[in-house]
Amino acid sequence: MSFLLKQKTIDITKDVVGKFNENGNFGLFYDNECVGEFVQETNEFKLKSGYEEQQGRILKTVTVTEHPDAKYVDCDTEGGWC
């Protein structure tokens, strides 16, 4: 079976937690991983590679697999249908 790798952007805003850091900025965490910070002085986001801010939303770029020729087959072994 062949599959394709594809880049997809997902909105993780509601799952990001902000915590004050030693610089007085907000450290931004997703799944307990620091993904960047919000700098209060300049009102800008500094995010790690793979993350971006658009219109106040925080987005993560992930690689997903797609199976372009995948077909769903469900066999009913009792009835003999497949």
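Just above sits the structure.
Cut-offs applied
- Sequence order sets the numbering: in each chain, residues are counted from 1 along the sequence as written.
- Only residues with pLDDT of at least 70 are given local features in this predicted model, and only at 80 or more are side-chain atom pairs given and counted; all residues enter the totals for whole chains, interfaces and linings.
- Side-chain measures were taken over the full set of non-hydrogen atoms in the model, leaving aside hydrogen atoms and water.
- In short, DSSP must find at least two bridges between two strands for them to pair.
- Helix and strand definitions follow DSSP, with helices as H or I runs of at least four residues and strands as E runs of at least two, each counted in order from the N terminus.
- A fitted line through C-alpha atoms serves as each axis, taken over the contacting stretch for helices, and the angle formed by two N-to-C directions is quoted from 0 to 180°.

### Some words on the pairing of strand β2 (residues 16-20)
Line of reasoning, step 1. Bridge count between β2 and strand β3 (residues 26-30): five bridges; the pairing is antiparallel. When the sheet's bridge partners are listed, Gly18 is paired in β3 with Leu28.
Line of reasoning, step 2. Here β2 folds back onto β3 in antiparallel fashion, the turn holding five residues, of which Gly24 has a positive phi close to 85°.

### Topic: the sheet that holds strand β7 (residues 57-66)
Line of reasoning, step 1. Pairing is antiparallel in the open sheet, where three strands are placed in the order β1-β7-β6. With one partner strand each, in any of the chains shown, β1 (4-11) and β6 (51-54) form the two edges of the open sheet. Across the sheet, the mean angle from the axis of one strand to that of its neighbour is 35°, orientation sign disregarded.
Line of reasoning, step 2. Relative to β7, β6 is paired through four bridges, and the arrangement is antiparallel. Pairing of Glu52 across the sheet is with Leu59, part of β7.

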